[in-house]
Amino acid sequence: MSSSSTTPATATASVASQASPLVMRVIGACALAHLINDLIQAVLPSIYPMLKANYGLSFTQVGLITLTFQLTASLLQPWVGYFTDRHPKPWLLPLGSVCTLIGILMLAFVGTFPAILLASGLVGIGSSTFHPETSRIARLASGGRFGLAQSTFQVGGNAGTAFGPLLAAAIVIPYGQGHVAWFGLFAVFAIGVLYGLSRWYRHHLSLFKLKAGGKATHGLSKERVTFALVVLALLVFSKYFYMASFTSYFTFYLIEKFDLSVASSQLHLFMFLGAVAAGTFFGGPIGDKIGRKAVIWFSILGVAPFTLALPYVDLFWTGILSMIIGFILASAFSAIVVFAQELVPGNVGMIAGVFFGLMFGFGGIGAALLGHFADIHGIEYVYQLCSFLPLFGILTILLPSTKGV
């Protein structure tokens, strides 16, 4: 049988589309909920300069805030995904958003560093239930177009991450920490959206239990699959360790190196995150057409020349290169998640939980370590050090060449 007729991936997609047609309104609702979830999360790093000034925090303490949030998000996600793959719990979606609401309201009114850590942890718990469950619903509504569904879902999160700093700059920075509470309105709206999604999910559990394409068709041994998942995890490590330098410290870098105002630095961060959203959107559908492995090659290793140049250019080229880096680097994540889901079919939630969890975990560890390096060597050193991380992309050569992925 030639690859031009029926590949394992297209066969799986065909079975999936027959069992469950493409439902764009559900995928769109997943993306909207992701936008709100990540918009709320983006408030936290956006107000780091204000928290640092108000409470006299070190860069290490700023990194610990990120670490607390991202570890609570990452450690729980694979467990939530594994459990709900076997015992679906549609009500977890709105319940997780309630945790996010409590965390964001606490963040508005707390007055101590430990309380900030607790609030960050609650937002992380909300995220740990959101990502594996909503990723599964998006896949269930994909009609077999898994890359399209995953990238649409993911681009909602990237858009929220991009708009978070802008809203924080407009609402929180000028008026103070108490105005973080306004973001609670977004959380309330998200609870409503997720309640609707949980009802759709509950009515489609029969399709979920069918687990269309639940048997592996790639012909790889268990050891080869495990090795491939480890390689994918290392690629996620390089991507999100590098991304942590932007999401947590790019504003500090711009303020220190180019003497920008907080508002101007937030605009540059928005431009970077906007490019990340665009890259994410295109990465999934392109992966459906040309294969996940090709997208991963281009995304991680292909960005290296730009990251290596970034620490040595002026403000104008810093802005241009940051957008190029954001666009290219972001295109990989949807391809990595779908690649992994196709390697281990029938464990959609667990794989989503593992890889979203790794994303938060590596980002959190990266933020803490990079904050420590910034305290010791200066913020510019962080960008010189991180510029080499995309060279990990050479590991893509170790991924199996299976038809359809």
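Below is a summary of the structure that appears in this document. The structure presented is a predicted model; accordingly, all values stated were derived computationally and were not measured.

About the criteria used
Residues numbered from 1 in each chain as written. Predicted model: local features only at pLDDT ≥ 70, side-chain atom pairs only at ≥ 80, totals over all residues. Heavy atoms only, no water. Patch = residues over 30% accessible without salt bridge, like charges linked within 9 Å, V, L, I, M, F, W, Y side chains within 5 Å. Areas by Shrake-Rupley, 256 points an atom, 1.4 Å probe, with all protein chains shown as cover. Salt bridge = Lys/Arg side-chain N within 4 Å of Asp/Glu carboxyl O. Helix = DSSP H or I, 4+ residues; strand = E, 2+ residues; numbered from the N terminus. Buried < 20%, exposed > 50% of the residue type's maximum accessible area, 1.4 Å probe, protein only. Contact = heavy atoms within 4.5 Å. Phe/Tyr/Trp six-rings, centres within 6.5 Å; stacked < 30°, edge-to-face > 60°.

What follows concerns a nonpolar patch on the surface. On the surface, Phe281, Phe282, Ile286, Ile290 and Phe327 cluster together to form a nonpolar patch covering roughly 460 Å² of accessible area. Tallying contributions element by element places helix α11 (residues 262–290) first for the nonpolar patch, with four residues. Tracing the backbone through its elements, the reader meets Ile286 in helix α11. On the basis of relative accessible area, Ile286 is assigned to the partly exposed category, the value being 39%.

Relative to the helices and strands, Gln341 resides in helix α15 (residues 332–343). Excluding residues that lie within four positions of it along the chain, Gln341 makes contacts with Ser135, Arg139, Gln150, Val348, Ile351 and Ala352.

This part takes up the packing of aromatic side chains. With the rule as written, the count across this model stands at 23 aromatic pairs. Ring geometry for Phe130 and Phe153: centres 6.1 Å apart, planes at 25°, overall stacked. With Phe130 in helix α6 (residues 113–140) and Phe153 in helix α7 (residues 146–172), the pair connects residues that are 23 residues apart, well separated along the chain. Taking relative accessible area as the criterion, Phe130 reaches 3% and is therefore assigned buried. A centroid spacing of 6.4 Å and a plane angle of 90° characterise the contact between Tyr253 and Phe258, whose relative ring orientation is edge-to-face.

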